[in-house]
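In case you want the letters, here they are:
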Amino acid sequence: MITLIKRRGSYYFLAVTLATLYLYSQSANITTSVFSIAVTFAMPLALAAMVGIMCERTGIVNIGIEGTLLLSSFVAFYVAIAAKSIVIGFLVAMATGVAMSLLLALMSVTWKMDQIIAGTILNILATGLTSFFYIQGNMLPNMFRQKPIPGLSNLPFFGDVLFKHGLLMYIGFVVIITLYYGLFHTPWGLRTRAVGEHPSSADTAGVSVSRMRYVNVAIAGAIGGLCGSYLVLELVGSWNRGFTAGKGFTALALMIFGRWNPMGALAAAMFFGLAQAGANQLMINGTVNIPPQFVGILPYVMTIIVLAISAGKVRPPAAEGQPYEKGQS
Amino acid sequence: MSALLEITGVSKQYPGVLANDNISLTVSAGEVVALLGENGAGKSTLLKAVFGLVKPDSGEIKIGGEPIVFGDTAGIISRGVGMVHQHFQLVPVMTVAENIILGDEPKRGLFINMKAARAEIIALSKRYGLEVDPDAVIEDLPVGMQQRVEILKALRKDVKLLILDEPTAVLTPQEIDELLSVVRNLAKSGVGIVLITHKLHEVMAVADRVVVLRGGKLIGTTSPKETNEAGLAQMMVGRSVVLQVNRTEAKRGGVVLEVKGLQVRDDRKILSVKGVDFSLHKGEILGIAGVEGNGQREFVEAICGMRHREAGEVIINGVATKDLDPHGAHEAGISHVPEDREKHGLVSSYSIADNLILNQFDQEPFAKGWIRNLGEISKNALGMVEKFDIRTPSASNTASSLSGGNKQKVVVARELSEELPVLIAAQPTRGVDVGSIEFIHNQLLSARDKGAAVLLVSAELDEILSLSDRIAVMSGGKIVAIVDSKGADRNYIGRLMAGLDK
Ligand SMILES: Nc1ncnc2c1ncn2[C@@H]1O[C@H](COP(=O)(O)OP(=O)(O)OP(=O)(O)O)[C@@H](O)[C@H]1O
Ligand SMILES: [Mg+2]
């Protein structure tokens with residue numbers, strides 16, 4: 001089964017590589033620029049999916065990612081303006097993400113509330129707060145600008161695609177790779193997955209289920225804050241109502257499509273990013289005549305397709321959504 | 001010498017049940033204490049409290065003279081306590097190695113050192129004679145193998161106090177002998193051991209002291225020297241128990257289930273049932289004897305529609321069935337007591353009442369069209385709880401709140417009550433106390449006498465010998481012999497099981 005999935009994954013990889021090579025041979029510049037834009041579209045989706053993975057791997061369903069992104073991007077924006085420092089904006093946004101997460105943990109771990117309701121509360125809270133305090137017409141002091149990595153950025157193709165971005169993008173990559181190794185190769189990851197699959201096994205092995213859940217959900221919140229900061233301080237540069245536009249929900253689909261694996265979710269996000277960047281490029285070229293609205297709905301349509309493909313074929317962490325009762329079983 | 005474990009005045013109230021009622025007990029180093037009691041007597045609850053998993057309402061528990069803190073399982077483990085849990089505490093999607101090292105992982109830098117873990121586990125399994133494959137995934141393993149993993153997990157650290165909650169329920173007789181000798185050796189080296197089991201001969205074989213619980217109270221202490229199995233049974237149940245089954249001559253009718261050339265693959269896709277033929281008659285019990293892992297599980301699952309048939313025919317009442325799903329098998333007239341009650345027998349989060357009608361939930365009188373008839377469902381539940389002596393304050397409680405043996409009784413009650421032409425019972429008395437074993441045995445015999453064709457699979461050779469009219473011995477994926485149980489020779493069957501004789 002697992003080898004089958006791996007094999008299927010490598011087929012996709014091969015197909016994408018071949019297509020890329022072909023396009024690159026046709027027009028190196030355009031291909032490179034499409035990929036590099038795709039990465040900037042993919043990163044926020046991938047990071048948001050990491051939030052979901054961290055929570056669900058530990059057994060907590062988090063449908064409040066959207067709210068976390070919305071509130072933390074909002075905070076990043078206005079704090080950066082007030083403090084005249086994007087770094088402070090970024091740090092306070094991370095703290096906001098952690099606070100949102102702790103609220104989720106409080107509701108679902110300590111109070112054993114229904115986790116769908118807990119996540120919904122986060123979303124409503126974020127929508128309410130951000131609409132209420134929203135003031136138009138503010139400008140960021142500056143943004144996280146492109147900082148090419150010396151040496152690596154001179155590589156053909158990859159240099160432009162991966163190593164000519166801002167600081168938050170690089171942090172994002174480090175976070176995703178760290179999560180991957182952390183989850184599958186460290187004691188912390190083993191415990192996290194055990195807590196998400198079969199909490200009483202972890203408990204009887206001396207691993208505190210609620211502590212693991214609190215810590216992991218908090219880390220997820222910090223990643224959410226990074227994601228919100230990236231969106232506003234590095235990618236877009238301004239904030240308006242409904243700024244995150246459902247990325248937190250798309251992320252859940254990517255998490256499922258990526259089988260709760262950071263690398264899988266990153267690949268899925270990259271696929272989304274490419275589709276969008278590619279569609280944009282086609283529109284600009286005028287190669288095909290698609291109305292911009294269709295390009296706009298692309299991520300949502302793709303979400304539906306992706307979910308339809310993966311539905312029933314993937315297995316979520318067995319204990320997700322269930323509060324843990326000590327001593328039962 | 002100070003006691004290793006001191007329990008003083010521990011009580012635990014669950015909604016509607018006083019699971020532990022002012023229990024005091026001490027265990028010293030080098031001593032094997034057997035804890036006996038009916039299903040639901042409160043044995044697991046007491047020992048879970050020792051491991052920090054259950055918070056007693058009152059009383060005190062000390063390990064090595066120091067009181068324990070509820071919830072501090074890590075601390076309790078580090079003080080040298082190991083526990084084998086009645087319900088496996090294994091993560092199904094993880095490997096044997098990952099499960100064993102969980103909570104105290106060998107490291108290299110920041111990462112888990114899987115190589116060291118594997119080596120450690122292989123050494124551990126050699127040391128105790130419990131062989132396991134470190135890289136096998138738990139959910140692919142038969143329960144007996146999972147039990148070994150659970151035991152190794154508890155033995156990994158150098159334990160001072162070892163708690164074994166029904167470790168032998170799913171082991172083969174040979175594995176049990178090995179485990180009991182491990183227990184004896186550990187005791188000799190100064191480890192204190194608490195053993196829960198329903199198998200009285202095991203108690204007679206290893207215990208230094210026997211403590212009996214009934215209805216949450218500690219009602220007596222004895223030792224194997226002062227009593228015998230019948231005496232222990234009487235002490236547990238409070239009445240005398242007939243340990244011998246009274247089996248009358250079977251009134252054998254026509255063939256109900258016929259199996260021809262059945263071949264089945266196991267979870268690893270290896271052919272584990274290699275062509276089985278037999279026929280099962282109305283009004284008889286056919287016992288399948290065999291060492292676990294010789295294809296019995298796969299063979300039963302294939303007949304019950306839980307596993308794909310590679311080849312062969314299953315003919316029920318003269319009708320050849322296609323490769324069925326479980327629902328189809330049930331429709332065709334098969335009821336099934338699965339060997340793994342947690343996984344295939346119950347929906348833990350459903351009420352006991354609902355679990356008792358899982359096989360008939362859409363049929364009259366439990367449903368009228370689309371509407372469930374809750375009145376009938378609860379009436380049925382009350383009847384079953386009474387008849388099968390299921391110990392629970394209310395049938396509307398979830399199945400997860402039942403003690404292990406009472407869960408088993410729920411499954412048996414459900415499958416026996418429907419009275420289908422074929423009954424396949426796999427390990428029907430696993431984890432059940434002696435009093436209830438007697439009852440379930442009588443129920444199986446009365447199902448037979450009412451005309452059911454019963455296929456009994458059991459790892460207990462005694463159970464097979466005492467209940468079966470005919471005995472089929474399975475070895476290496478084949479039925480190597482079918483003998484009449486009248487005058488069947490225990491040793492001969494044992495040799496067949498081991499694959500020694502032809
Ligand atoms: N989490 C729980 N919630 C409610 N009741 C419970 C819970 N756990 C156990 N009980 C009840 O407490 C009583 C004692 O259960 P326990 O599991 O200790 O029995 P046991 O002696 O181990 O029985 P068995 O031999 O069947 O394993 C039973 O009546 C059971 O229904
Ligand atoms: Mg028990």
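Residues numbered from 1 in each chain as written. Chains lettered and ligands numbered in written order. Predicted model: local features only at pLDDT ≥ 70, side-chain atom pairs only at ≥ 80, totals over all residues. Heavy atoms only, no water.

Let us look at the overall build of chain B. When you go through chain B residue by residue, the secondary structure sums to 17 helices and 24 strands. For 502 residues, the compact-globule estimate of 2.2 N^0.38 gives 23 Å, and chain B sits close to it at 23 Å. By its C-alpha atoms, chain B is 70 × 50 × 50 Å across when sized along the principal axes. Counting across all 502 residues of chain B, residues that qualify as buried make up 57%. A separation of at least 24 residues holds for 68% of the contacts in chain B among residues at least 6 apart in sequence. Surface accessibility of chain B: about 20600 Å² in total, with carbon and sulfur atoms responsible for 51%. Taken together, the 57 basic and 64 acidic charged side chains of chain B have centroids lying 1 Å from each other. (Helix = DSSP H or I, 4+ residues; strand = E, 2+ residues; numbered from the N terminus. Rg over C-alpha atoms; globule rule 2.2 N^0.38 Å. Buried < 20%, exposed > 50% of the residue type's maximum accessible area, 1.4 Å probe, protein only. Contact = heavy atoms within 4.5 Å. Areas by Shrake-Rupley, 256 points an atom, 1.4 Å probe, with all protein chains shown as cover. Lys, Arg positive; Asp, Glu negative; His and termini not counted. Charge placed at Lys NZ, Arg CZ, Asp CG, Glu CD.)

This brings us to the state of the cysteines. All names here are of chain A. For the structure shown, the criterion picks out zero disulfides over all chains. Of the cysteine sulfurs around Cys 55, a residue in no disulfide, the closest is that of Cys 227, at 13 Å. When its relative accessible area of 0% is taken as the criterion, Cys 55 is described as buried. (Disulfide = S-S within 2.5 Å.)

In this section: the coordination of the magnesium ion (ligand 2). Residue and element names in this part refer to chain B. Every protein donor of the magnesium ion (ligand 2) is accounted for by Ser 44 (OG) and Gln 86 (OE1), and the metal-donor separations fall at 2.0 to 2.1 Å. Separated by 42 residues along the polypeptide, Ser 44 in helix α1 (residues 43-50) and Gln 86 in the loop between β6 (81-84) and α3 (96-101) bring together distant segments of the chain. On the basis of relative accessibility, which here comes to 15%, the residue Gln 86 falls in the buried class. (Donors = N, O, S within 2.8 Å, 3.2 Å for Na, K, Ca; no water.)

Residues and elements named next belong to chain B. Around ligand 1, the surrounding shell holds 20 residues, and the nearest of these are Lys 43, Ser 44, Thr 45, Ser 403 and Gly 405. Contact distances for ligand 1 include 3.0 Å between an oxygen atom and a side-chain N or O atom of Asn 39. Within the backbone of Gly 40, a nitrogen or oxygen atom sits 2.8 Å from an oxygen atom of ligand 1. Look at ligand 1: alone it shows 640 Å² of surface, and the protein chains cover 92% of it. The leading source of residues in the shell around ligand 1 is α1, at three residues. Residue composition of the shell around ligand 1, grouped by class: five nonpolar, twelve polar and three charged. Built from parts of two domains, the shell around ligand 1 gets at least three residues from each of domain 1 (3-237) and domain 3 (345-419). (Near = heavy atom within 4 Å. Polar contact = N/O pair within 3.5 Å; in protein donor to acceptor, adjacent residues only side chain to side chain. Nonpolar A, V, L, I, M, F, W, Y, C, P; charged D, E, K, R; others polar. Domains from an automatic or database assignment.)

Residues and elements named next belong to chain B. Per the domain assignment, the segments making up chain B are domain 1 (3-237), domain 2 (243-333 + 420-502) and domain 3 (345-419). Averaged C-alpha coordinates put domain 1 and domain 3 at centres separated by 30 Å. Taken together, the contact pairs eight residues of domain 1 with eight residues of domain 3. Summing both sides of the interface, domain 1 and domain 3 together bury roughly 570 Å²; the carbon and sulfur share of this comes to 46%. Of all residues in domain 1, the largest losses of buried area upon contact with domain 3 belong to Glu 38, Asn 39 and His 87, amounting jointly to 61% of the total for that side. At the surface where domain 1 touches domain 3, the tally comes to one salt bridge. In this structure, the salt-bridge partner of Arg 391 is Glu 38, at a minimum N-O distance of 2.8 Å. The tally of links from domain 1 across to domain 3 stands at three residue pairs in polar contact (both at pLDDT 80 or more). (Buried area = accessible area lost by both parts, 1.4 Å probe. Salt bridge = Lys/Arg side-chain N within 4 Å of Asp/Glu carboxyl O.)

What follows is about the sheet that holds strand β15 (residues 285-289) of chain B. Whenever strands of a sheet pair, they do so through backbone hydrogen bonds, lying parallel or antiparallel. Residues and elements named next belong to chain B. Taken in spatial order, the six strands line up as β18-β21-β22-β15-β23-β24 in an open sheet, and their pairing is mixed. At either margin of the open sheet sits one strand with a lone partner, and together these are β18 (334-337) and β24 (478-484). Recorded for the sheet is a direction-independent mean angle of 20 degrees between the axes of neighbouring strands. In this sheet, strand β22 (residues 453-457) lies alongside β15 in parallel orientation, the contact comprising four bridges. Looking at β22, one finds that Leu 286 is bridged to Leu 455. The strands touched by helix α14 (residues 404-417) are β18 and β21 (422-426); relative to β18, the strand with the most contacts, the crossing angle is about 170 degrees. (Pairing = 2+ DSSP bridges. Axes fitted to C-alpha atoms, helices over the stretch in contact; angles between N-to-C directions.)

This part takes up the environment of Ser 28 of chain B. Mapping Ser 28 of chain B onto the fold places it in the loop between β2 (17-27) and β3 (32-37). For Ser 28 of chain B and Leu 4 of chain B, which are 24 residues apart along the polypeptide, the C-alpha to C-alpha distance reads 4.9 Å.

Facing 32 residues of chain B, the contacting portion of chain A comprises 23 residues. Looking at the side of chain B facing chain A, the largest losses of area belong to Leu 53, Gln 89 and Leu 102 of chain B, adding up to 24% of the total buried there. Our count for the contact surface shared by chain B and chain A stands at three salt bridges. Between Glu 139 of chain B and Arg 315 of chain A there is a salt bridge; the shortest N-O distance is 2.9 Å. There are eight residue pairs in polar contact (both at pLDDT 80 or more) connecting chain B and chain A. Sorting the residues of the side of chain B that touches chain A by element identifies α2 (73-78), α3 and β8 (111-112) of chain B as the ones contributing at least two each. At three residues, α2 of chain B tops the list of elements feeding residues into the side of chain B that touches chain A.

All names here are of chain A. Among the residues of helix α11 (residues 247-257), Gly 248, Thr 250, Ala 251, Leu 252, Ala 253, Leu 254 and Met 255 are the ones counted as buried. On its buried face, α11 is in contact with α2 (28-57), α3 (65-83), α12 (262-285) and α13 (292-310). Phi turns positive, to about 55 degrees, at Arg 259, one or two residues after α11.

What follows concerns the nonpolar core. All names here are of chain A. Core analysis: the biggest nonpolar cluster contains 75 residues, and Leu 233 and Trp 239 have the highest contact counts within it. In terms of residues, this core owes the most to one element, α2, which gives 14 residues. Those residues in contact with Leu 233 that sit more than four places away from it in its chain are Ala 76, Ala 80, Ile 86, Gly 89, Phe 90, Leu 140, Met 143 and Phe 144. (Core = buried A, V, L, I, M, F, W, Y, C linked by side-chain atoms within 4.5 Å.)

The next subject is the pattern of salt bridges. All names here are of chain B. The tally for this structure, following the rule as stated, stands at 35 salt bridges over all chains. Of the charged contacts, one joins Glu 438 and Arg 239 as a salt bridge, the two residues approaching to 3.1 Å between their closest N and O atoms. Within this pair, whereas Glu 438 is found in helix α15 (residues 434-449), its partner Arg 239 is found in the loop between α8 (229-237) and β13 (255-265), the two being separated by 199 residues in sequence. Classification of Glu 438 as buried rests on a relative accessible area of 17%. Across the salt bridge formed by Glu 342 and Arg 341, the nearest N and O atoms sit 4.0 Å from each other.

Time to look at the pairing of strand β16 (residues 309-316) of chain B. Residues and elements named next belong to chain B. In this structure, β13 lies alongside β16, joined through six bridges in antiparallel fashion. If you follow Leu 257 over to β16, its bridge partner there is Ile 316. With three bridges connecting them, β16 and strand β17 (residues 319-321) associate as antiparallel partners. Residue pairing in the sheet places Val 314 in a bridge with Thr 321 of β17. From the end of β16 to the start of β17, which pair antiparallel, there are two residues, and Asn 317 there has a positive phi angle of about 50 degrees.

What follows covers unusual backbone geometry. Cis geometry is found at the peptide bond from Glu 364 of chain B to Pro 365 of chain B, where omega equals -5 degrees. Mapped onto the elements of the fold, Pro 365 of chain B is located in the loop between α12 (352-355) and β19 (367-368). Here the phi dihedral of Phe 157 of chain A falls at roughly 55 degrees; this positive angle occurs in a residue that is not glycine. Positionally, Phe 157 of chain A belongs in the loop between α5 (115-133) and α6 (158-162). Overall, Phe 157 of chain A belongs to the buried group, its relative accessible area being 14%.

We now examine the packing of aromatic side chains. Counted by the stated rule, this structure contains 14 aromatic pairs over all chains. Look at Tyr 180 of chain A and Phe 184 of chain A: their rings are 5.6 Å apart centre to centre, the planes differ by 55 degrees, and that puts the pair in the tilted class. Taken together, the residues Tyr 180 of chain A and Phe 184 of chain A, both in helix α7 (residues 167-185) and four residues apart, mark about one turn of the helix. Relative to Phe 299 of chain B, the ring of Phe 278 of chain B lies with its centre 5.7 Å away and its plane at 70 degrees, an arrangement referred to as edge-to-face. With Phe 278 of chain B in strand β14 (residues 271-281) and Phe 299 of chain B in helix α9 (residues 296-303), the pair connects residues that are 21 residues apart, well separated along the chain. For Phe 278 of chain B, a relative accessible area of 6% translates into the label buried. An aromatic cluster is built from Phe 74, Phe 77, Tyr 78, Tyr 134, Trp 239 and Phe 243 of chain A, whose rings are joined through pairwise contacts. Over the ring of Phe 70 of chain B we find Lys 326 of chain A, and its NZ or CZ is 5.8 Å from the ring centre. Across from the ring centre of Tyr 14 of chain B, 5.2 Å away, lies the NZ or CZ of Lys 12 of chain B, which sits over that ring. (Phe/Tyr/Trp six-rings, centres within 6.5 Å; stacked < 30°, edge-to-face > 60°. Lys NZ or Arg CZ within 6 Å of the ring centre and 35° of its normal.)

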